[in-house]
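Structural overview
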Amino acid sequence: MASMNYRAFIAGQVESLRREVGRGIAINALSGGVDSSVVTVLAHRALGPQMKTILVDNALMREGEPRRVVKIFRDLGIPVELVDARKTFLRALRGLTDPEEKRQAITETFYKDVFGKAVKRSRATFLLHGTILTDIEETVAGIKRQHNILAQLGIDPQKAYGYKVLEPLATLRKDGVRRVATLLGLPGDITRRIPFPGPALATRIVGEVTEERLATVRKATAIVEEELGDTGAFQYLAVLLNDCATGIRKGRREFGQIIVVRCIDSVDARRATARELPWPVLHRLTRRITAIPGVNRCLYDLTPKPPATVEYI
Ligand code: XMP
């Protein structure tokens, strides 16, 4: 699509959101990723005060992220309500180790406990989602349950939750969403942001998600994003494995945790290859990551997608 057509896309979506919602109230959940950010700006442009946006702190986000995102939107003149649901999510995840059970717990907690209540409070009857074409294709193909797909799975949200779902980005891929984001005036911090999954750091913890394990993967994530931010790679991330390995710290034996670093090139996340990072970069990552308390190994993942996926659960 040429830039002119993206402008037409924006005008068309603003128009159809106004038509669909009428005098009703609509709500969306913003994560700070480019997809939900674009939906937020489009919807506020279309619906003004009839549009309500919340950001759910699910305890699974990156360091300082919830407040940072709320501020970016406040600076754009868009009010975002921060909902602190950290305890609810951590409770729902307690004891779970199976990847799909963890995803399911996050989906259910989000829709039934947290977002469901926010929707009721707001009296909204329309819910806006940042679903993009790739999410739909992968869910339909049965590769992965993306957290934000309902209708495609045969779940009628009107019956199940009492609202209608609107997906203004369902015809776009990531590159298109970024073009629209730029045209909408979103800052580079958002438009250039690497993909970050809805279930957030939980997709990067193999085994149980606990506050302590989240703190470890959060520190590793900050290091990876700092060190690899100028690579221009499609996505880079840190994963905490469920295994331990023997090591030595301060002259004593330590059975420590293992962090995997992944840095991939891809166009739309359907296929990916590992970036050939220079050895000095890999050594620096290893040095910094093994300085995190309790972590004594750092591995670099060379596996392409397929057969691997980008995330670990
Ligand atoms: P996978 O791990 O399936 O990831 O190869 C492909 C791309 O999608 C992101 N991803 C998700 N995004 N909800 C999302 O919004 C999810 O549940 C989810 N799972 C994976 C992942 O970061 C990668 O860019």
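Scope of this entry: the structure provided in the associated data block. (Residues numbered from 1 in each chain as written. Predicted model: local features only at pLDDT ≥ 70, side-chain atom pairs only at ≥ 80, totals over all residues. Heavy atoms only, no water.)

1. Comments concerning unusual backbone geometry
A cis amide bond links Lys-305 with the next residue in sequence, Pro-306, at an omega value of -15°. Tracing the chain through its elements places Pro-306 in the segment after strand 9 (295-300). At the junction of Pro-306 and Pro-307, the peptide bond is cis and its omega measures out at 10° in the coordinates. The topology assignment puts Pro-307 in the segment after strand 9. Not every positive phi belongs to a glycine, and Arg-123 is a case in point at roughly 60°. Residue position: Arg-123 is located in the loop between helix 5 (99-122) and strand 4 (126-128). Positioned with a positive phi, Ala-269 is a non-glycine residue whose angle comes to about 75°. Inspection of the secondary structure puts Ala-269 in the loop between strand 7 (252-265) and strand 8 (273-274). (Helix = DSSP H or I, 4+ residues; strand = E, 2+ residues; numbered from the N terminus.)

2. Focus on the pairing of strand 7
The pairing of strand 6 (residues 235-249) with strand 7 spans 12 bridges and is classified as antiparallel. By the bridge assignment for strand 7, Thr-246 is matched with Phe-255. Here strand 6 hands over to strand 7 after 2 residues, with Lys-250 in that stretch at a positive phi of 50°. In this sheet, strand 9 lies alongside strand 7 in parallel orientation, the contact comprising 5 bridges. Its bridge partner lying in strand 9, Ile-259 is registered against Cys-298. (Pairing = 2+ DSSP bridges.)

3. A short note on the environment of Ala-29
Its location among the elements puts Ala-29 in strand 1 (residues 26-29). Relative accessible area serves as the criterion here: at 22%, Ala-29 is assigned to the partly exposed category. Expressed as a C-alpha distance, the spacing of Ala-29 and Leu-82, which sit 53 residues apart in the sequence, is 9.9 Å. If sequence neighbours within four positions are ignored, Ala-29 has contacts with Ser-36, Ile-54, Phe-110 and Phe-115. (Buried < 20%, exposed > 50% of the residue type's maximum accessible area, 1.4 Å probe, protein only. Contact = heavy atoms within 4.5 Å.)

4. Re the nonpolar core
If you look at the biggest cluster of nonpolar residues, it comprises 50 residues, and the most contacted ones within it are Leu-60, Phe-115, Val-224, Leu-228, Leu-285 and Ile-289. At the level of secondary structure, the elements contributing two or more residues to this core comprise strand 2 (51-57), helix 4 (86-93), helix 5, helix 10 (211-228), strand 6, strand 7, helix 11 (279-289) and strand 9. Residues within four places of Phe-115 in sequence aside, it is in contact with Ile-27, Asn-28, Ala-29, Ile-54, Phe-110 and Leu-127. (Core = buried A, V, L, I, M, F, W, Y, C linked by side-chain atoms within 4.5 Å.)

5. Brief notes about the side chain of Lys-102
When you line up the elements, Lys-102 lands in helix 5. Only 2.6 Å separates the side chain of Lys-102 from the backbone oxygen of Ile-205, close enough to count as a polar contact. (Polar contact = N/O pair within 3.5 Å; in protein donor to acceptor, adjacent residues only side chain to side chain.)

6. Comments concerning the pattern of salt bridges
Under the definition given, this model contains 21 salt bridges. Among the ionic pairs, Lys-174 bridges to Asp-35, the shortest N-O distance being 3.0 Å. Here the residue Lys-174 occupies a position in helix 8 (residues 174-183), and Asp-35 occupies one in helix 2 (residues 34-47), the gap between them amounting to 139 residues. The buried category is assigned to Asp-35, whose relative accessible area is 12%. Among the salt bridges present, the one from Asp-57 reaches Arg-86, with a minimum N-O distance of 3.8 Å. (Salt bridge = Lys/Arg side-chain N within 4 Å of Asp/Glu carboxyl O.)

7. Section: the sheet that holds strand 1
Spatially, 3-2-1-4-5 is the arrangement adopted by the 5 strands of the open sheet, whose pairing is parallel. Where the open sheet ends on each side, the last strands, each with one partner, are strand 3 (81-84) and strand 5 (164-166). Geometrically, the sheet is characterised by an average inter-axis angle of 30° between neighbouring strands, direction not taken into account. (Axes fitted to C-alpha atoms, helices over the stretch in contact; angles between N-to-C directions.)

8. Points about the packing of aromatic side chains
To describe a pair of aromatic rings, you give the distance between the ring centres and the angle between the ring planes. All told, the structure shown has 2 aromatic pairs when counted by the stated rule. On the numbers, 5.1 Å between centres and 90° between planes, the contact of Phe-110 with Tyr-111 is edge-to-face. Members of the aromatic cluster, connected to one another through ring pairs, are Phe-110, Tyr-111 and Phe-115. (Phe/Tyr/Trp six-rings, centres within 6.5 Å; stacked < 30°, edge-to-face > 60°.)

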